[in-house]
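Working through the structure, step by step
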Amino acid sequence: MTLLAATRKIIHVDMDAFYASVEQRDDPALRGRPVVVAWRGPRSVVCAASYEARAFGVRSAMPAVRAERLCPDAVFVAPDFARYRSVSQQVRAIFLRYAETVEPLSLDEAYLDVTRPLRALPSATAIAQAIRAEIRAETGLTASAGVAPNKFLAKIASEWRKPDGLFVIRPAMVESFLEPLAVARLPGVGKVMERKLHALGIERVGDLRAQDRALLENRFGRWGLRLHELSKGIDDSPVSADRPNLQISAEDTFETDLPLDALDAPITRLAQKVWSAYRREPGRIARTIVLKLKTAEFRTLTRSQTSAQPPGSADDLARRAAGLRTRVGLPVSTRYRLVGVGVCGFIDGDTAQAELFAAPAPDT
């Protein structure tokens with residue numbers, strides 16, 4: 001499917017500073033103040049920050065101690081995920097009044113396919129406006145929304161006029177809208193890929209679009225072709241209400257930082273958790289094992305290995321995850337505050353049977 005042939009109408013709705021906004025709604029004394037949703041302490045990280053706190057540079061996933069330094073007057077509130085889930089269910093019920101297919105991404109955001117809406121409104125824009133109005137009326141919270149012909153454009157659009165905004169990318173404006181954007185705005189382009197693209201003189205989406213497809217494929221494989229499609233606004237991925245987990249994982253933050261060779265027990269414990277969850281998804285075979293580490297300085301590392309032979313037991317998963325420590329490459333003196341174990345790269349059982357005797361894929 002090409003962009004011109006696309007007829008879908010996709011909305012991405014993203015609640016504004018969700019956890020912090022729920023706290024401010026429920027406690028009037030917090031309104032207008034810089035609120036940080038996090039446990040206090042040297043090992044805590046920020047779950048969410050109100051826009052008043054964001055003005056000081058506070059962001060989600062930031063160490064709480066750094067947030068406190070940036071905003072000494074911040075009000076720290078311990079997270080209450082049961083309450084946030086309850087509000088999220090309210091919001092999702094509103095989505096389902098307008099769209100049969102809703103794909104939640106987290107408690108505070110979702111995609112809706114309104115190509116065939118449940119309510120007779122004149123446009124996807126009108127639907128997005130109605131949804132935002134109902135969220136405000138029923139929850140007292142605000143949401144931003146993006147409307148576009150596909151998912152990745154809708155997500156970019158929802159960020160365009162935050163907070164409490166609505167932005168529409170119509171099919172005729174897709175390429176002109178994308179052209180001046182930094183390549184980092186494309187999904188999947190992190191800091192490493194951004195540096196690689198910049199090294200090739202590719203800084204804007206328009207630069208990427210101008211590149212030869214064969215050159216991008218030669219340099220980045222299938223991901224290069226995907227990048228070229230995104231630069232043209234092409235994304236045929238469906239909105240899926242039953243989107244399977246892309247990764248099954250578990251992680252643990254230690255009370256005291258540990259050296260790499262002291263992680264056998266926590267890796268084994270996490271592998272057992274992951275294996276139990278993995279066994280609950282019959283018919284899906286994981287080909288990639290992931291080890292995640294976070295140093296005492298909050299540097300995050302991931303090491304993974306992809307193989308045609310999936311893990312056969314919790315012990316096998318633990319052994320292979322622990323083995324990835326040999327590829328960390330940091331000094332022996334390095335201490336770690338967090339470890340995680342995960343499996344991903346899922347294929348279905350039939351495909352796995354067909355590939356049973358294939359050569360192992362290279363490590364990633």
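Structural data are supplied above this passage.
Here we summarise the structure given alongside this text. From a predicted model like this one, the values you see are computed outputs, not experimental measurements. Each residue is numbered by its place in its chain's sequence as written, counting from 1. Local features are withheld for residues below a pLDDT of 70 in this predicted model, meaning they are given only at 70 or higher, and side-chain atom pairs are given and counted only at 80 or more; totals for whole chains, interfaces and linings count all residues. Calculated side-chain values reflect all of the structure's heavy atoms, with hydrogen atoms and water omitted.

**Observations regarding the overall build of the chain**
- In DSSP terms, a helix is any run of H or I states spanning at least four residues, a strand is any run of E spanning at least two, and both are numbered starting from the N terminus. A tally of helices and strands in the chain yields 14 helices and twelve strands.
- Atoms considered for the radius of gyration are the C-alpha atoms alone. The globule rule reads 2.2 Å times the number of residues to the power 0.38. Rg of the C-alpha trace for the chain: 22 Å, near the compact-globule value of 21 Å for 364 residues, within the 12% margin.
- For the chain, the spread of C-alpha atoms along the principal axes amounts to about 60 × 55 × 45 Å.
- Should any heavy atoms of two residues lie within 4.5 Å, those residues are counted as being in contact. When contacts within the chain are restricted to residue pairs at least 6 apart in sequence, those whose partners lie at least 24 apart make up 64%.
- In this description, accessible areas are obtained by the Shrake-Rupley approach with a 1.4 Å probe, and a residue is regarded as covered only by the protein chains that are shown. A total accessible area of about 18,400 Å² is found for the chain, and carbon and sulfur atoms account for 51% of it.
- Put simply, the chain has 52 plus and 43 minus side-chain charges, and the middle of one group is 2 Å from the middle of the other. Under the counting rule used here, the positive set is Lys and Arg, the negative set is Asp and Glu, and His together with the chain ends is not counted. Where a charge lies is defined by one atom per residue type: Lys uses NZ, Arg uses CZ, Asp uses CG and Glu uses CD.

**Comments concerning the nonpolar core**
- Residues grouped as a nonpolar core are buried Ala, Val, Leu, Ile, Met, Phe, Trp, Tyr and Cys residues, joined through side-chain atoms within 4.5 Å. The cut-offs for exposure are 20% and 50% of the maximum accessible area for each residue type, with area from a 1.4 Å probe on protein chains only; residues under the lower value are buried, those over the upper are exposed, and the others partly exposed. Counting residues in each nonpolar core, the largest one holds 36 residues, and the members touching the most others are I11, V13, F18, F95, L112, I131 and I135.
- Setting aside anything within four residues of it in sequence, one finds I11 in contact with A110, Y111, L112, V114, A124, I127, A128, A145, G146, V147 and A154.
- Among the nonpolar cores identified, the runner-up in size contains 28 residues, and F254, L270, V328 and Y336 belong to it.

**Some remarks on the pattern of salt bridges**
- Here a salt bridge means any side-chain nitrogen of Lys or Arg lying within 4 Å of a carboxyl oxygen belonging to Asp or Glu. For the coordinates displayed, the defined rule picks out 23 salt bridges.
- The salt bridge partner of K162 is D16, with a shortest N-O separation of 2.6 Å. Note that K162 is positioned in the loop between helix 6 (151-160) and strand 8 (166-168) and D16 in the loop between strand 1 (10-15) and helix 1 (18-26), a separation of 146 residues in sequence.
- Accessibility expressed as a relative area gives 1% for D16, which makes it buried.

**Brief notes about helix 1**
- For helix 1, a buried count of seven out of nine residues is recorded, marking the element as mostly surrounded by other parts of the structure.
- Within helix 1, burial applies to F18, Y19, A20, S21, V22, E23 and Q24.
- The secondary structure elements touched by the buried residues of helix 1 are strand 1, strand 2 (35-37), strand 3 (48-49), helix 2 (51-54), strand 4 (75-77) and helix 4 (81-95).

**What about the packing of aromatic side chains?**
- Think of it this way: a Phe, Tyr or Trp ring, Trp meaning its six-membered ring, pairs with another when their centres are within 6.5 Å, and the plane angle makes it stacked under 30 degrees, edge-to-face over 60, tilted otherwise. Inspection of the entire model under this criterion finds nine aromatic pairs.
- Note on Y19 and F81: the rings are 5.6 Å apart at their centroids and 85 degrees apart in plane angle, and the pair reads as edge-to-face. You can see Y19 sitting in helix 1 and its partner F81 sitting in helix 4, a full 62 residues away along the chain.
- With a relative accessible area of 17%, Y19 lands in the buried category.
- The class for F81 is partly exposed, based on a relative accessible area of 29%.
- Ring centres 5.8 Å apart and planes at 90 degrees place the aromatic pair F81 and Y84 in the edge-to-face group.

**What about the packing of helix 4 against helix 5 (residues 124-139)?**
- Contact pair helix 4 / helix 5: the axes reach a minimum separation of 10 Å and the direction vectors enclose 145 degrees. Both helix 4 and helix 5 take part in a crossing whose hand is right-handed. Contacts between helix 4 and helix 5 pair Q90, V91, I94 and F95 from the former with I131, E134, I135, E138 and T139 from the latter.
- Residues are grouped as follows: Ala, Val, Leu, Ile, Met, Phe, Trp, Tyr, Cys and Pro are nonpolar; Asp, Glu, Lys and Arg are charged; every other residue, Gly included, is polar. Split by residue class, the contact of helix 4 with helix 5 holds five nonpolar, two polar and two charged. The axes are straight lines fitted to the C-alpha atoms, using for helices just the contacting stretch, and the angles between their N-to-C directions are given from 0 to 180°. Put simply, a crossing is left-handed when the front helix is turned counterclockwise from the back one by less than a right angle, and right-handed when it is turned clockwise.

**Some points on the sheet that holds strand 6 (residues 109-113)**
- Taking strand neighbours across the sheet as the criterion, the five strands line up as 5-6-1-7-8 in an open arrangement whose pairing is mixed. Each edge of the open sheet is held by one strand with a lone partner, namely strand 5 (101-106) and strand 8. Each neighbouring strand pair of the sheet contributes to a mean axis angle of 15 degrees, computed without reference to strand direction.
- A pair of strands counts as paired when DSSP detects no fewer than two bridges linking them. Where strand 7 (residues 143-148) meets strand 8, three bridges bridge the pair, whose relative direction is parallel. Its bridge partner being in strand 8, V147 is matched across the sheet by V168.
- The sheet strands contacting helix 5 are strand 1, strand 6, strand 7 and strand 8, and the helix crosses strand 7 at an angle near 165 degrees.

**Notes on helix 13 (residues 314-323)**
- Most of helix 13 is tucked away: seven of the ten residues are buried.
- Those residues of helix 13 that fall on the buried side of the exposure criterion are A314, D316, L317, A318, R320, A321 and A322.

**Remarks on the sheet that holds strand 4**
- Pairing is mixed in the open sheet, where three strands are placed in the order 3-2-4. The open sheet is flanked by strand 3 and strand 4, the only strands paired with a single partner.
- Here strand 2 runs beside strand 4; their pairing, made up of three bridges, is parallel. For V37, the partnering residue across the bridge sits in strand 4 and is V77.

**Let's talk about the packing of helix 10 (residues 213-220) against helix 11 (residues 222-231)**
- Orientation of helix 10 relative to helix 11, taken along the N-to-C sense of each, is 140 degrees, at an axis distance of 6 Å. The angle between the axes of helix 10 and helix 11 places the two elements in the oblique class. Facing R213, L216, E217 and F220 of helix 10, the residues of helix 11 in contact are R222, W223, G224, L225 and H228.
- The residue inventory of the contact of helix 10 with helix 11, partitioned by class, reads four nonpolar, two polar and three charged. For classification purposes, angles smaller than 35 degrees are called roughly parallel, those larger than 145 roughly antiparallel, those between 65 and 115 roughly perpendicular, and all remaining angles oblique.

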